[in-house]
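Single-letter residue listing:
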Amino acid sequence: MRILVVDDDVNGAETLRRMLVAQGGVVQVAHDGDAGFELAVSEPWDAIVLDIMMPGRNGYEVVRDLRRSEVWAPVLMLTAKDGDYDQIDAFDFGADDYLIKPFSFDVLSARLRALVRRGAPARPATLVCDDLTLDPGARTARRGDTELSLTPREFGILEMLLRHVDQAVSKAEIMRSVWDVNYEGDENVVEVYVSYLRRKVDTPFGRNTIQTVRGAGYRATSGS
């Protein structure tokens with residue numbers, strides 16, 4: 001197993017390297033985000049162990065830039081931060097798994113084996129439908145070269161649709177994904193926000209990407 005470890009904790013990274021080598025791994029170490037990124041794009045890796053808080057690029061930026069560079073090696077992120085939003089950010093930027101320090105080496109090793117077994121299918125952090133792109137990690141959306149100014153609800157709906165291109169997504173599914181679980185209003189509010197979204201995403205560009213599927217909900221369709 002070829003593993004890249006990127007962590008600015010020199011002693012911790014060396015300990016991890018020795019343990020992985022003892023299990024038969026071929027391991028290389030970098031101690032800042034920029035060096036880690038350069039190594040990650042220059043050689044093939046079965047898995048990358050990536051700390052979040054580092055000099056240069058932080059871990060979020062490294063994994064984001066790797067996915068933008070079409071490097072799909074599985075990434076296991078390490079951090080001392082244990083908030084839900086920290087984990088969500090890691091996955092949104094393109095990480096595959098997340099482990100909080102301090103951790104058991106046996107757990108890390110098992111998770112790495114699982115990631116390697118799963119392989120490295122293309123899973124871009126940026127969602128695309130023709131010239132409409134959305135980056136959940138950076139919270140940006142563009143139609144061609146034009147940046148779109150979307151509210152959080154509009155962004156959430158568009159993300160849901162672009163994660164299911166050419167598939168119908170029901171109002172109920174959109175509600176569960178975008179609205180708070182305690183929201184007790186009518187699900188027809190989705191229609192209102194889809195209308196807002198079309199005025200920003202489709203109408204100014206003469207496009208019809210967001211379509212109504214009668215009796216089923218909405219879908220984002222390519223080539224429209």
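A short tour of the structure in this document, coming up. On a predicted model such as this, the values are computed, not experimentally measured, just so you know.

## Focus on helix 1 (residues 10–22)
The periodicity of an α-helix, 3.6 residues per turn, causes residues three or four positions apart to be oriented the same way. Its 13 residues place the ends of helix 1 18 Å apart at the C-alpha level, agreeing with the 18 Å of an ideal helix rising 1.5 Å per residue. Taken together, the buried positions of helix 1 are A13, L16 and L20. The arc enclosing the buried residues of helix 1, seen along the axis, measures out at 65°, which places them on a common side. Those residues of helix 1 that are exposed and aimed more than 90 degrees away from the buried face are N11, R18 and A22. Residues of helix 1 that are buried in the fold lie against strand 1 (2–6), strand 2 (26–30), strand 3 (47–51), strand 4 (75–79) and helix 5 (105–118). The distance from a side-chain oxygen at the start of helix 1 to the backbone nitrogen of N11 is 3.3 Å, and the residue carrying that oxygen is D9. G24 sits one or two positions beyond helix 1 and adopts a positive phi of about 100°.

## Some details on the packing of aromatic side chains
Inspection of the entire model under this criterion finds 2 aromatic pairs. Each ring, one from Y193 and one from Y196, has its centre 5.5 Å from the other, and the planes form 80°; the classification is edge-to-face. One end of the pair is Y193 and the other is Y196, both in helix 8 (residues 189–201) and 3 residues apart, which spans about a single turn. For Y196, a relative accessible area of 35% corresponds to the partly exposed category. Against the face of W45 rests R2, its NZ or CZ located 4.5 Å from the ring centre. In this arrangement the basic side chain of R57 is found over the ring face of F37, its NZ or CZ atom lying 4.2 Å from the centre.

Rules used in this analysis
Residues numbered from 1 in each chain as written. Predicted model: local features only at pLDDT ≥ 70, side-chain atom pairs only at ≥ 80, totals over all residues. Heavy atoms only, no water. Helix = DSSP H or I, 4+ residues; strand = E, 2+ residues; numbered from the N terminus. Expected span 1.5 Å × (residues − 1). Buried < 20%, exposed > 50% of the residue type's maximum accessible area, 1.4 Å probe, protein only. Arc of directions from axis to C-beta. Contact = heavy atoms within 4.5 Å. Polar contact = N/O pair within 3.5 Å; in protein donor to acceptor, adjacent residues only side chain to side chain. Phe/Tyr/Trp six-rings, centres within 6.5 Å; stacked < 30°, edge-to-face > 60°. Lys NZ or Arg CZ within 6 Å of the ring centre and 35° of its normal.

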